[in-house]
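# Results of the structural survey
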Amino acid sequence: MPPVIRRAESVTLTPDATASEAFVAVAQECIEHWRLNLDGVLHEREMSSLHQLRVGIRRFRSAISLLRRGLDDPSRLRWIGTEIRDLALPFGEARDLDVLLAGEYAADLTREQVTRLREQRDAAYGTTITIQPKVVDAGHHSRRLLRLTVSTPRRTRTPWRA
């Protein structure tokens, strides 16, 4: 059975939501987005699952960059953004090889070149399997961080649009 490929979903924010509330809503969607595509990457080496996993990670990192300034303690998010960036790098190599093999360029390659690229792709996906526990752990840490962010008493209610 083919893996379920989970695309990004929109997040609805109210105009009076605080930066913390906006961040939590967006981050939860991003974490769920990458988590639900992880099985397709690990077990099926599914190109679309890998693409969607990377989209979820990029959206999460963007949310950190855009919304952390409105939080009481933005430094809480800096370390997780760096960790997620570092964990995403091997997924990028696998994605690059997927695109190369699926694109027009592949038609001009010799059989030996295609074989070598497929071997490199398999190795890149193998790397994603070895870092999978760290990616899952990063999602777990991100959820813990979200709980801390939400539970932090706010002295001011900074609107997310500020």
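Each remark here, short or long, concerns the structure printed above.
Quick look at the structure, then. (Residues numbered from 1 in each chain as written. Predicted model: local features only at pLDDT ≥ 70, side-chain atom pairs only at ≥ 80, totals over all residues. Heavy atoms only, no water.)

### Looking at the overall build of the protein chain
Broken down by element type, the protein chain carries four helices and zero strands. Counted from the first residue to the last, the protein chain has its helices and strands arranged as α-α-α-α. Sequence separation of at least 24 residues holds for 78% of the intrachain contacts in the protein chain that already meet a minimum separation of 6. As displayed, the protein chain offers around 9500 Å² of accessible surface, 52% of which is attributable to carbon and sulfur atoms. (Helix = DSSP H or I, 4+ residues; strand = E, 2+ residues; numbered from the N terminus. Contact = heavy atoms within 4.5 Å. Areas by Shrake-Rupley, 256 points an atom, 1.4 Å probe, with all protein chains shown as cover.)

### A few points about the environment of Asp-98
Summarising the element assignment, Asp-98 is placed in helix α3 (residues 75-102). With 20 residues separating them along the chain, Asp-98 and Arg-118 place their C-alpha atoms 8.7 Å apart. Excluding residues within four positions of it along the chain, Asp-98 makes contact with Met-47, Leu-50, Arg-121 and Tyr-125.

### What to know about the packing of aromatic side chains
Counted under the stated rule, the structure contains two aromatic pairs. Seen in terms of ring centroids, Phe-23 and Phe-60 are 6.4 Å apart; in terms of plane orientation they differ by 45°. Their pairing is tilted. Of the two residues, Phe-23 is situated in helix α1 (residues 19-44) and Phe-60 in helix α2 (residues 47-67); the sequence distance between them amounts to 37 residues. With respect to burial, Phe-23 and Phe-60 carry one shared label: buried. Put simply, the rings of Phe-23, Trp-34 and Phe-60 pair up and form one aromatic cluster. (Phe/Tyr/Trp six-rings, centres within 6.5 Å; stacked < 30°, edge-to-face > 60°. Buried < 20%, exposed > 50% of the residue type's maximum accessible area, 1.4 Å probe, protein only.)

### Examining the environment of Thr-18
In this structure, Thr-18 sits in the segment before α1. Here Thr-18 falls in the buried class, since its relative accessible area comes to 3%. Sequence separation of Thr-18 and Gly-70 is 52 residues, and the distance between their C-alpha atoms is 8.0 Å.

### Quick word on the pattern of salt bridges
A full pass over the atoms with the stated rule returns eight salt bridges. A salt bridge links Glu-9 to Arg-6; the nearest nitrogen and oxygen atoms lie 3.5 Å apart. Note on Glu-9: relative accessible area 44%, which makes it partly exposed. Accessibility expressed as a relative area gives 12% for Arg-6, which makes it buried. The shortest N-O distance in the salt bridge between Arg-121 and Asp-98 comes to 2.3 Å. (Salt bridge = Lys/Arg side-chain N within 4 Å of Asp/Glu carboxyl O.)

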